[in-house]
Amino acid sequence: MKLYPEHKLVKTCLRQIEEKLGWGNAAQWHNQVFIELSETIEKETHVLLSPTTLKRVWGRVNYKNAPSISTLNTLSQFAGYLNWRDFKNKANSKNPSWIERKITPNARIIVVSASALTLVFISLFSMIGIGNNNATIDSSLIKFSSHPIVQGIPNSVVFDFDLYDIKSDSIYIQQFWDRTKTIKIKPEQKQATGIYYYPGYFRAKLLIDGKKIKQHDLFIKSNGWLGTVNYEPIPKYIKEVRQISNKLSLPPNVIDEIVKSEKPLVSSFHYVKNFEKVSGDNFILSTTIKNVYKDKWAVCQHASIVIMGTKSSLIIPFSIPGCASEMGVMLSETYLNGKEHDLSDLGIALATFRNIKIQVREKHLTVFAENKKVFSKTYNESIGDIAGIRYRFLGAGEVKDIKLTDTSEKTILIDDDFIPQNNTK
């Protein structure tokens, strides 16, 4: 197979990342490891690289094209460099070329000459100017708004904007936290569209010359409980998740589809709605969950509960005890990697229904399993108001009940045992 020109340099960068992580031979990494790597990279660089993108770069998916420059920049930053150019410069400096060996003895002459040329260019540009300078953009003159086209998921969103008299070749709309998921805008443009495949609370930003000029929030609701099988790049939607029995579960044919898959599949249950400004830093979530598939690639029974906020999220993972090393906890700005922290108490077998309680008081989170405290940690940055709940299972899972209580106002936000309305308790 023909490789792209910088393949060897990319492999060098990946080896440095593997050494930094200390997660063992990358050839043995399975899908959950790439999911955790995606979350780890996002936490450190604030850029989301999808598990599929990471598997392509690591050669686990047949893909012949070179990684995009934004992907290479993010990987380089995670490896400890400023960007991909910085990585290449430092990697190449370890083995100077024939030209570099010839130039080095004359470096002093070159530096003096370059300095003189620099002064000439500075003088020249100070006289003729550098064209349009948007450094003093008056953001009050710029309009930026959006509206969803439909209710539910998938959902295309129309962005409306008026850039006034801005002239730039670097105008982008960043749709949500993933900085690589951007829409390039022409100065004369008035509208653009983007698509959202999952419900959630997103923050859209208008960027001009790399600077955030305007931003606003987008709320893509789930319209009740929505199930997904998280295929890439487009998930499969399962709307009848609560019509089968007294629990939140996937239909038998969908579970059979997951069981027959040779590749790891993640399924999720989403509930995203407007909770009317309920703090994500003071609540109690009590729920009963179970993992219904534990063979092949799902042997670890990975599951997680995600509390989505308007500013950040809380992600609480679970697995069988022997797989605790592969878990990762995210509490707003705080990320705890199971490779570096003992998360073994979160190693809870979910082959049968287990009651889980997540309690947060003034940014101090405590997790209970069957009334036993298994984890406790304080975080500093608020997740904002609660925007939704997400259950995520490697394979498939079930939810027997859920109760969400706002402890500040002592009100119950969700109290559901999933018994069909035409049944009685």
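These numbers come from a predicted model, not from an experiment.

Calculation criteria
- Residues numbered from 1 in each chain as written.
- Predicted model: local features only at pLDDT ≥ 70, side-chain atom pairs only at ≥ 80, totals over all residues.
- Heavy atoms only, no water.
- Pairing = 2+ DSSP bridges.
- Helix = DSSP H or I, 4+ residues; strand = E, 2+ residues; numbered from the N terminus.
- Axes fitted to C-alpha atoms, helices over the stretch in contact; angles between N-to-C directions.
- Buried < 20%, exposed > 50% of the residue type's maximum accessible area, 1.4 Å probe, protein only.
- Polar contact = N/O pair within 3.5 Å; in protein donor to acceptor, adjacent residues only side chain to side chain.
- Contact = heavy atoms within 4.5 Å.
- Parallel < 35°, antiparallel > 145°, perpendicular 65-115°, else oblique.
- Nonpolar A, V, L, I, M, F, W, Y, C, P; charged D, E, K, R; others polar.
- Salt bridge = Lys/Arg side-chain N within 4 Å of Asp/Glu carboxyl O.

*Asks:* Summarise the sheet that holds strand β18 (residues 372-378); cite the residues concerned and give the values.
*Replies:* On the basis of which strands lie adjacent, the open sheet formed by 6 strands has the order β18-β17-β16-β11-β20-β21 and antiparallel pairing. Either end of the sheet is taken by a strand with one partner, and the two such strands are β18 and β21 (411-416). Averaged over all pairs of adjacent strands, the angle between strand axes in this sheet comes to 15 degrees, irrespective of strand direction. Here 8 bridges tie strand β11 (residues 282-291) to strand β16 (residues 354-361), and the two strands are oriented antiparallel to one another. Among the inter-strand pairings, F283 is bridged to a residue of β16, identified as V360.

*Asks:* So what's going on with the environment of K190? Which residues, and what values?
*Replies:* With respect to the element layout, K190 can be found in the loop between β4 (182-184) and β5 (191-196). Given the relative accessible area of 47%, K190 is considered partly exposed. Remark: the alpha-carbon pair of K190 and L163, spanning 27 residues in sequence, is separated by 7.9 Å. A polar atom in the side chain of K190 sits 3.2 Å from the side chain of D162.

*Asks:* Outline the pairing of strand β8 (residues 226-229), supporting the account with residue identities and numerical values.
*Replies:* Alternating residues of β8 divide into L226 and T228 and G227 and V229, and every residue in both groups is buried. For β8 and strand β10 (residues 266-272), the ladder comprises 4 bridges, and the chain directions are antiparallel. Within β10, the residue paired with T228 across the bridge is S268. By the bridge criterion, 3 bridges tie β8 to strand β9 (residues 236-238) in an arrangement that is antiparallel. Looking at β9, one finds that T228 is bridged to Y237. Linking two consecutive strands that pair antiparallel, namely β8 and β9, is a turn of 6 residues.

*Asks:* An account of the environment of I284 is needed here, citing residue identities and associated values.
*Replies:* Note on placement: I284 falls in strand β11. Aside from chain neighbours lying at most four places away, what touches I284 is K357, I358, Q359, K403, L404, T405 and T407.

*Asks:* Tell me what's going on with the packing of helix α2 (residues 31-45) against helix α4 (residues 69-79), and back it up with residues and numbers.
*Replies:* Helix packing geometry: the angle between the two helix axes and the distance between the axes. As a packed pair, α2 and α4 sit with axes 10 Å apart at the nearest point and diverge in direction by 80 degrees. When the interaxial angle is binned, α2 and α4 end up roughly perpendicular. Mapping the contact onto sequence places L37, T40, I41, E44 and T45 in α2 and T74, L75, Q77 and F78 in α4. Grouping the constituent residues of the contact of α2 with α4 by class yields 4 nonpolar, 4 polar and 1 charged.

*Asks:* Residues and numbers for the pattern of salt bridges, please.
*Replies:* Enumeration over the complete set of coordinates arrives at 11 salt bridges. Across the pair K90 and D86 runs a salt bridge, and its minimum N-O distance is 3.4 Å. Of this pair, K90 and D86 both sit in helix α5 (residues 84-93), 4 residues apart, which is roughly one turn of the helix. The class of K90 is partly exposed, set by a relative accessible area of 42%. With its nearest N and O atoms 2.7 Å apart, the salt bridge here joins D217 to R203. Taken together, the positions of D217 in strand β7 (residues 211-220) and R203 in strand β6 (residues 200-208) put the pair 14 residues apart, joining distant regions of the chain. Classification of R203 as partly exposed rests on a relative accessible area of 30%.

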